[in-house]
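Observations on the model geometry
Below, each chain spelled out in residue letters.
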Amino acid sequence: MLLDRTKITQFHRDGFVAGGQVYSSEEADALSERMFAVAEGQGEGKAENVGGWSDGTTRVIQIVNIFKADSLFRQHLAQPLIVEAVASLMKTDTVRVWHDQVQYKPPHQGGATTWHQDHPYWPVIQPADLVSAWVALDDATIENGCMWMIPGSHLWGAYKNGSIESDETFTPTPDLSLVPGGHLPAKVPCEVKKGHVLFHHCLTWHGSPVNRSDRGRPAIAVHYMPGHTRYVPEGKPHLVEHNISVLPGEILRGEHFPTVLGNN
Ligand SMILES: O=C(O)CCC(=O)C(=O)O
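Report follows, based on the coordinates. (Residues numbered from 1 in each chain as written. Predicted model: local features only at pLDDT ≥ 70, side-chain atom pairs only at ≥ 80, totals over all residues. Heavy atoms only, no water.)

1. Concerning the overall build of the protein chain
If you tally the helices and strands in the protein chain, you get four helices and 14 strands. Against the globule reference of 18 Å for 264 residues, the protein chain gives a C-alpha radius of gyration of 17 Å, in line with a compact fold. Dimensions along the principal axes, computed over C-alpha positions, put the protein chain at roughly 45 × 40 × 40 Å. Put simply, the protein chain shows about 11500 Å² of open surface, and 52% of that area lies on carbon and sulfur atoms. In the protein chain, 21 positive and 29 negative side-chain charges are present, and the distance between their average locations comes to 2 Å. (Helix = DSSP H or I, 4+ residues; strand = E, 2+ residues; numbered from the N terminus. Rg over C-alpha atoms; globule rule 2.2 N^0.38 Å. Areas by Shrake-Rupley, 256 points an atom, 1.4 Å probe, with all protein chains shown as cover. Lys, Arg positive; Asp, Glu negative; His and termini not counted. Charge placed at Lys NZ, Arg CZ, Asp CG, Glu CD.)

So, in structure tokens, the structure goes:
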């Protein structure tokens with residue numbers, strides 16, 4: 001079991017919690033080798049999307065639904081320790097996958113993932129009760145661009161469209177009139193050891209700065225839905241929405257949204 005009562009309480013207070021080790025170093029290496037293969041078009045199958053972003057000097061490689069391209073990543077969705085932990089965090093006995101997402105920041109030129117909340121980017125699913133499990137496939141440190149979080153921010157609802165302004169020190173600079181109490185708690189770095197997992201709520205403010213170190217930063221996030229998540233097609237569309245076969249208002253299930261705990 002990854003999470004005891006203290007850690008679960010910490011998650012509900014802060015909106016994120018470190019979960020501990022889920023893979024050995026060798027297992028993490030095996031996943032990162034497969035990740036590079038998929039990024040180079042040498043996977044067993046095809047991911048939903050292999051892309052990313054660049055500002056000319058830095059870049060992030062992003063792969064969405066790598067589980068469709070590789071059997072080890074398909075197995076990863078149902079990693080028993082992770083699934084048990086997210087079920088307890090989401091207080092559900094049914095867990096499905098919304099989608100997965102690799103973000104790789106290459107050495108020296110790894111780009112930033114700007115401060116944001118996840119759920120406003122997923123307006124087609126409701127309610128905002130999802131939890132993500134982010135596994136480091138090599139040590140994620142302050143130097144190579146680990147994630148940073150704002151404790152308690154998951155309790156504030158959606159901030160604008162989910163995108164949060166920040167300054168040159170990678171510190172959020174939101175409109176404080178939209179922050180409860182008008183005061184922003186200090187950002188917290190979340191270093192994660194290779195093969196370990198970090199959980200965050202889908203409304204927690206988070207981001208990851210550039211990687212100028214000698215070491216790449218490979219990681220896989222899986223965004224898990226509790227069983228009561230429904231398809232509510234309002235607002236802007238989403239990359240994986242074309243995979244949805246249920247009707248508006250129905251529970252979101254189907255072959256593209258694997259059930260990893262409970263009945264389909
Ligand atoms: O991998 C990162 O640095 C960012 C990932 C992220 O934003 C997420 O998992 O929600």
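Once the structure has been displayed, the description carries forward.
2. Some remarks on the packing of aromatic side chains
This model, assessed by the stated rule, comprises six aromatic pairs. Centre to centre, the rings of W156 and W205 are 5.0 Å apart; their planes meet at 85°, and the pair counts as edge-to-face. In this pair, W156 sits in the loop between β8 (147-149) and β9 (188-190) while W205 sits in the loop between β10 (196-201) and β11 (206-208), placing the two residues 49 residues apart along the sequence. For W205, a relative accessible area of 1% gives the class buried. The structure contains a cluster of three or more aromatic residues connected by ring pairs, namely W98, W122 and F257. (Phe/Tyr/Trp six-rings, centres within 6.5 Å; stacked < 30°, edge-to-face > 60°. Buried < 20%, exposed > 50% of the residue type's maximum accessible area, 1.4 Å probe, protein only.)

3. So, the sheet that holds β9
Within the open sheet, the four strands sit side by side as β5-β11-β8-β9. Their pairing is antiparallel. Unpaired on one side and paired on the other, β5 (113-116) and β9 mark the two borders of the sheet. Each adjacent strand pair in this sheet contributes to an overall mean axis angle of 25°, direction not counted. (Pairing = 2+ DSSP bridges. Axes fitted to C-alpha atoms, helices over the stretch in contact; angles between N-to-C directions.)

4. Re the nonpolar core
Core analysis: the largest hydrophobic core is formed by 38 residues, its most contacted members being I82, V86, F199 and Y224. Top contributing element to this core by residue count: helix α4 (residues 80-90), with seven residues. Apart from the residues lying within four places of it in its own chain, the contact partners of I82 are L2, V22, H76, A133, V135, V197, F199 and Y224. (Core = buried A, V, L, I, M, F, W, Y, C linked by side-chain atoms within 4.5 Å. Contact = heavy atoms within 4.5 Å.)

5. Concerning the pairing of strand β2 (residues 49-54)
In this structure, β2 lies alongside strand β3 (residues 59-64), joined through six bridges in antiparallel fashion. Within β3, the residue paired with W53 across the bridge is V60. Where β2 folds back on β3, the antiparallel hairpin that results is connected by four residues, among which G56 adopts a positive phi of roughly 100°.

6. Some remarks on the site of the ligand
With respect to spatial proximity, the complete set of residues near the ligand consists of Q103, T113, H116, D118, W134, M147, H200, H206, S208, R217, A221 and H223. Contacts to the ligand include S208, whose side-chain N or O atom sits 2.6 Å from an oxygen atom. In isolation the ligand offers 290 Å² of accessible surface; the protein chains occlude 98% of this area. Those elements that place two or more of their residues in the shell around the ligand are β5, β11 and β12 (219-226). (Near = heavy atom within 4 Å. Polar contact = N/O pair within 3.5 Å; in protein donor to acceptor, adjacent residues only side chain to side chain.)

7. Some points on α4
Restricting attention to buried positions, one finds in α4 the residues I82, V83, A85, V86, A87, L89 and M90. N-cap assignment for α4: the residue whose side-chain oxygen lies 2.9 Å from the backbone N of L81 is Q79. Phi for K91, located one or two positions after α4, is positive at around 50°.

8. Points about the environment of H200
By secondary structure assignment, the location of H200 is in strand β10. When the C-alpha atoms of H200 and M149 are compared, they prove to be 8.9 Å apart, with 51 residues separating the residues in sequence. Excluding residues within four positions of it along the chain, H200 makes contact with F11, G15, F16, D118, L130, V131, S132, M147, M149 and H206. Looking at H200, its side chain comes within polar contact range of the side chain of D118, at 2.9 Å.

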